[in-house]
Amino acid sequence: MPPSGKNTAMADWSSYFARMEGSPISIAVDLDLRDIAPMDEKPAAYTVAVALREPDEHGMTGEGEYRALAQIEEELAGTLEPQGIIEVGRVTGRGMRTFHYYGPRVEDIADLVSDVMNFHAEYKYRALAAEDPSWMIYTSYLYPDENQLAFANDMKALQALLDAGDDFEQVRPIEHTITFDDDQKRDVFARAMADHGYEIAVEEEPVFAVRCSKRDTIDPFKITEMRTALTTLAEEFGGFY
């Protein structure tokens, strides 16, 4: 989800899961910035790390704290954006939520953050600034790798279904498409997937493709596991998910 209250017309926020030193973390990131990063006019990286008051057993945000953190995020945006500072991502895990920004060099960043956090005295926080003209925090830490990006796109598609009122408990065909550079590879893969219980449809034009589907409810993690498995199988057969 994008930050609350922000102008996200040009943003493309999505989320994925990762691990840090063995602990689960959730990373939300504006994918749309990848094509324009780094921005020369925003060479400074800013971080606001907020300690969770009621983390769950995994160190993640509990349901009761979600709205308070969303309010902090919105107020930080309202204070920092007039300074040309934009939020590029946030990380949740290990008992923390960390907001990441880039912008011009601003000497009083601690005071600006304090103006917001003074209204949330129940939260402990740290505000940090660093030179990062190449946007390494964004490109090497926040931005997903190939598998994480696929997961993020899965989550974005499922969020769109939720926003449209979809009932994830309703059984429906879950379809995956794999393309090939020739019909022989396609047909071998199609036969293999049919043997695994998938309903199969093959296509000739504009590319050689196999559509594999199974009827099921929507479970985000099950769908991701299925996509990951099919991606691996497709590569073994010379195809592309």
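This is a predicted model, so every value here is computed, not measured.

Draft legend 1. Quick look at the packing of aromatic side chains. Within the structure shown, the criterion is met by five aromatic pairs. Ring centres of Phe-180 and Phe-189 lie 5.3 Å apart, and the angle between their planes is 50°; on these two criteria the pair is classed as tilted. Neither residue differs from the other here; Phe-180 and Phe-189 are each classed as buried. Arranged with centres 5.4 Å apart and planes meeting at 75°, the rings of Phe-189 and Phe-237 form a pair that is edge-to-face. Placement of the pair is Phe-189 in helix H5 (residues 183-195) and Phe-237 in the segment after helix H6 (220-236), with a sequence separation of 48 residues. Joined through ring pairs, the aromatic side chains of Tyr-102, Trp-135, Tyr-138 and Tyr-143 make up one cluster. Across from the ring centre of Tyr-198, 4.4 Å away, lies the NZ or CZ of Lys-214, which sits over that ring.

Draft legend 2. Examining the sheet that holds strand E8 (residues 199-203) more closely. Taken together, three strands build an open sheet; the order of strands is E7-E9-E8 and the sheet is antiparallel. The open sheet is flanked by strand E7 (172-180) and E8, the only strands paired with a single partner. Within this sheet the neighbouring strands show an average axis-to-axis angle of 20°, counted without direction. Pairing of E7 with strand E9 (residues 208-216), which is carried by nine bridges, proceeds in the antiparallel orientation. Among the inter-strand pairings, Ile-178 is bridged to a residue of E9, identified as Val-210. Together, E7, E8 and E9 form the strand contacts of H5, whose direction differs from that of E9 by roughly 15°. Together, E7 and E9 form the strand contacts of H6, whose direction differs from that of E7 by roughly 25°.

Draft legend 3. A look at H5. Helix length check: H5, at 13 residues, gives a terminal C-alpha distance of 18 Å against a target of 18 Å (1.5 Å per residue), a fit within 8%. Restricting attention to buried positions, one finds in H5 the residues Arg-186, Phe-189, Ala-190, Ala-192 and Met-193. Along the axis of H5, the buried residues cluster in a sector spanning 165°; they form a single face. Facing away from the buried side of H5 by over 90 degrees, the exposed positions are Gln-184, Arg-191 and Asp-195. Residues of H5 that are buried in the fold lie against E7, E8, E9 and H6. By the N-cap criterion, in which a side-chain oxygen at the helix start approaches the backbone nitrogen of a residue two or three places on, H5 is capped by Asp-182, the distance to Gln-184 being 3.0 Å.

Draft legend 4. Region of interest: helix H1 (residues 66-80). Between its terminal C-alpha atoms H1 stretches 21 Å, which fits the 21 Å expected from 15 residues at 1.5 Å a residue. Those residues of H1 lying buried are Leu-69, Ala-70, Ile-72, Glu-73, Leu-76, Ala-77 and Leu-80. Around the axis of H1, the buried residues are gathered within 160° of arc, so they sit on the same side. Contacts made by the buried residues of H1 are with strand E3 (44-51), strand E4 (86-93), strand E5 (96-103) and helix H2 (109-117).

Draft legend 5. How the structure looks around unusual backbone geometry. The omega torsion across Ala-37 and Pro-38 is -5°, close enough to zero to call that bond cis. Inspection of the secondary structure puts Pro-38 in the loop between strand E2 (23-30) and E3. Positive phi is not limited to glycine here, since Arg-94 has a value of about 60°. Position of Arg-94 among the secondary structure elements: in the loop between E4 and E5. You can call Arg-94 partly exposed: its relative accessible area is 41%.

Draft legend 6. Examining the packing of H1 against H2 more closely. At a closest axis distance of 9 Å, the pairing of H1 and H2 adopts a crossing angle of 140°. Our classification of the angle between H1 and H2 gives oblique. Crossing geometry of H1 relative to H2 is assigned as right-handed. Seen from H1, the contacting residues are Ile-72, Glu-75, Leu-76, Thr-79 and Leu-80; seen from H2, they are Ile-109, Leu-112, Val-113, Val-116 and Met-117. Each residue belonging to the contact of H1 with H2 can be placed in one class, and the counts come to eight nonpolar, one polar and one charged.

The rules behind these values
Residues numbered from 1 in each chain as written. Predicted model: local features only at pLDDT ≥ 70, side-chain atom pairs only at ≥ 80, totals over all residues. Heavy atoms only, no water. Phe/Tyr/Trp six-rings, centres within 6.5 Å; stacked < 30°, edge-to-face > 60°. Buried < 20%, exposed > 50% of the residue type's maximum accessible area, 1.4 Å probe, protein only. Helix = DSSP H or I, 4+ residues; strand = E, 2+ residues; numbered from the N terminus. Lys NZ or Arg CZ within 6 Å of the ring centre and 35° of its normal. Pairing = 2+ DSSP bridges. Axes fitted to C-alpha atoms, helices over the stretch in contact; angles between N-to-C directions. Contact = heavy atoms within 4.5 Å. Expected span 1.5 Å × (residues − 1). Arc of directions from axis to C-beta. Polar contact = N/O pair within 3.5 Å; in protein donor to acceptor, adjacent residues only side chain to side chain. Parallel < 35°, antiparallel > 145°, perpendicular 65-115°, else oblique. Left-handed = near helix turned anticlockwise from the far one by under 90°. Nonpolar A, V, L, I, M, F, W, Y, C, P; charged D, E, K, R; others polar.

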